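Summary of the model geometry
The chain contents come next:
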Amino acid sequence: MSQTLTEKNAVTTTATTGERKGLTKKEIAADHPTWCPGCGDFSVLALYFKLIEKRKLWHEKITTISGIGCSSRFPYFVQAHGAHFIHGRALAFASGVSLSRPDLHVFAFSGDGDAFSIGGNHFTHTARKNIKMTLVVMDNEVYGLTKKQTSPTSPLGFKSKTDIWGAVDYPINPAKQAIAVGASFVARTTATNPNHVLAMMEAAMDHDGFSFVHCLSECVEFYEGAFDAANPRKGGVFNEVPKTHDVTDELAAYKLAGEPFPGYFGVLYDVKKPTKNAKEMEINQSFQSKVAGLKDWQILQKTFERMK
Ligand SMILES: Cc1ncc(C[n+]2csc(CCOP(=O)(O)OP(=O)(O)O)c2C)c(N)n1
Ligand code: SF4
Ligand SMILES: [Mg+2]
């Protein structure tokens, strides 16, 4: 990175009001993205910058976390706190940050392999625990970084280096899976519709709980044209979630999420339920009230004595 975070994060205020200014794209953008020209992930990155600018998110109030994959290079290109973590383990890391720093908004970015293959269990458990964060999965229906293997979302018949005669395994439907395992917010969008991506990321960020945005993002190198059917500029259709859809109706959301591709785009499911963050905070506060005035070592000693 050309500048340090501290240099770039110098607090800028307006001369007249003294009010802190929002970050500019220049202050958020880091290294030049190394994705292939035309990769859908560029759009998601640009809209993340837009979200930060629009919602005046300060560097010290957000964190950007990913696993491994082309899409997971994301944090490298963001001038902010964050981590490019282990393949499939973005959510484990993000959960720790979220639970220990309730003042931050945690954004995790992942690919279909990272989130649903090696990271499949973390996806399930982070969703069911309702840990507060926003997960955006950039789904290209292929392993891009490792040069074209079948992923859990590759369609039947997809020819890849691991399925040279065409994929034989049934793909998962990420939105259906998210609803089934207990995610409290589930939305679907596509990188070719920037306004929609921004709207979904904003709605996800405003949700108090685990919010999941399934974003179609084309790999022009290894699965060109995968999402043309969802792109009106390529002769496809972009169907928004009907206005009559009740986002709190789990069965209706599950059914809508399961409509055949290209299906429906928008917020499919959105319910309020207590987060693990809130529950843990409550437990901690009630414990702290019982040990008020004691030093850390005295609390430890008391705990050990109880265990004898
Ligand atoms: C433990 C481990 N297993 C396997 C790999 C190799 N690997 C790196 S990225 C990747 C899949 C990436 O696919 P996806 O998450 O869909 O991201 P994309 O590159 O398509 O954006 C794999 C299998 C690894 N880095 N670490
Ligand atoms: S290989 Fe595919 S996913 Fe990876 S940067 Fe290139 S276009 Fe994007
Ligand atoms: Mg992928």
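This section reports on the structure supplied with the text.

1. Looking at the overall build of the protein
A count of helices and strands for the protein gives 11 helices and 8 strands. The C-alpha atoms of the protein give 21 Å as radius of gyration, which agrees with the globular expectation for 308 residues (19 Å, within 12%). Each of the three principal axes of the protein carries a C-alpha extent, and together these read 65 × 55 × 40 Å. In the protein, which carries 35 positive and 31 negative side-chain charges, the distance between the mean positions of the two groups comes to 5 Å.

2. Structural notes on the coordination of the magnesium ion (ligand 3)
In this structure, Asp112 (OD), Asn140 (OD1) and Val142 (O) serve as the protein donors to the magnesium ion (ligand 3), at separations of 2.1 to 2.2 Å. Taken in chain order, the donor set of the magnesium ion (ligand 3) reads D-x27-N-x1-V. Placement of the pair is Asp112 in helix 5 (residues 112-116) and Val142 in the loop between strand 4 (133-139) and helix 7 (174-181), with a sequence separation of 30 residues. For the pair formed by Asp112 and Val142, the shared burial category is buried.

3. With respect to the nonpolar core
Core analysis: the biggest nonpolar cluster contains 34 residues, and Tyr48, Phe74 and Phe109 have the highest contact counts within it. When residues of this core are traced back to their parent elements, those giving at least two are helix 3 (41-54), strand 3 (105-111), strand 4, strand 5 (185-190), helix 8 (194-206) and strand 6 (210-216). Tallying contributions element by element places helix 3 first for this core, with 7 residues. Counting 30 residues, the second largest nonpolar core, distinct from the first, contains Ala108, Met133, Ala183 and Ala257.

4. Looking at the site of ligand 2
Taken together, Trp35, Cys36, Cys39, Cys70, Asn140, Cys219, Val220, Glu221 and Phe222 make up all the residues around ligand 2. For the shell around ligand 2, the per-class residue count stands at 7 nonpolar, 1 polar and 1 charged.

5. As for the pattern of salt bridges
Counting across every chain of the model gives 9 salt bridges. Put simply, Lys61 and Asp103 hold a salt bridge, and the shortest N to O gap is 3.4 Å. Of this pair, Lys61 sits in the loop between helix 3 and strand 1 (62-66) while Asp103 sits in the loop between helix 4 (90-100) and strand 3, and the two are 42 residues apart along the sequence. A relative accessible area of 35% places Lys61 in the partly exposed class. The class of Asp103 is partly exposed, set by a relative accessible area of 36%. With a shortest N-O distance of 3.6 Å, Lys276 and Glu280 are connected by a salt bridge. With Lys276 and Glu280 both in helix 10 (residues 276-290), this residue pair falls 4 residues apart, about one helical turn. Judged by relative accessible area, which is 25%, Lys276 ranks as partly exposed.

6. Digging into the pairing of strand 5
Taken across its 6 residues, strand 5 has 6 buried, putting it largely inside the fold. Residues Phe185, Ala187 and Thr189 line one face of strand 5 and the alternating positions Val186, Arg188 and Thr190 line the opposite face, and both faces are buried. Examined bridge by bridge, strand 5 and strand 8 (residues 264-270) share 4 bridges and lie antiparallel to one another. The residue of strand 8 that forms the bridge with Arg188 is Gly266.

7. Quick word on the site of ligand 1
Around ligand 1 lies a shell of 16 residues, among which Cys70, Ser71, Gly113, Asp114 and Gly144 are the nearest. Gly144 has a polar backbone atom sitting 2.9 Å from an oxygen atom of ligand 1. Taken by itself ligand 1 offers 590 Å² of open surface, and the protein chains cover 73% of this. It is helix 5 that provides the largest number of residues to the shell around ligand 1, a total of 3 residues. By residue class, the composition of the shell around ligand 1 is 6 nonpolar, 8 polar and 2 charged.

8. Focus: the environment of Asp31
With respect to the element layout, Asp31 can be found in the loop between helix 2 (25-28) and helix 3. Residue Asp31 is classed as partly exposed on the basis of its relative accessible area of 35%. Sequence separation between Asp31 and Asn130 is 99 residues; the distance between their C-alpha atoms is 33 Å.

9. Observations regarding the side chain of His245
Position of His245 among the secondary structure elements: in the loop between strand 7 (239-240) and helix 9 (250-257). Here Leu268 takes part through its backbone oxygen, which lies 2.7 Å from a polar atom of the side chain of His245. Look past the residues within four positions of His245 in its chain and what remains in contact with it is Ala252, Ala253, Leu256, Val267 and Leu268.

Cut-off values and rules
Residues numbered from 1 in each chain as written. Chains lettered and ligands numbered in written order. Predicted model: local features only at pLDDT ≥ 70, side-chain atom pairs only at ≥ 80, totals over all residues. Heavy atoms only, no water. Helix = DSSP H or I, 4+ residues; strand = E, 2+ residues; numbered from the N terminus. Rg over C-alpha atoms; globule rule 2.2 N^0.38 Å. Lys, Arg positive; Asp, Glu negative; His and termini not counted. Charge placed at Lys NZ, Arg CZ, Asp CG, Glu CD. Donors = N, O, S within 2.8 Å, 3.2 Å for Na, K, Ca; no water. Buried < 20%, exposed > 50% of the residue type's maximum accessible area, 1.4 Å probe, protein only. Core = buried A, V, L, I, M, F, W, Y, C linked by side-chain atoms within 4.5 Å. Near = heavy atom within 4 Å. Nonpolar A, V, L, I, M, F, W, Y, C, P; charged D, E, K, R; others polar. Salt bridge = Lys/Arg side-chain N within 4 Å of Asp/Glu carboxyl O. Pairing = 2+ DSSP bridges. Polar contact = N/O pair within 3.5 Å; in protein donor to acceptor, adjacent residues only side chain to side chain. Areas by Shrake-Rupley, 256 points an atom, 1.4 Å probe, with all protein chains shown as cover. Contact = heavy atoms within 4.5 Å.

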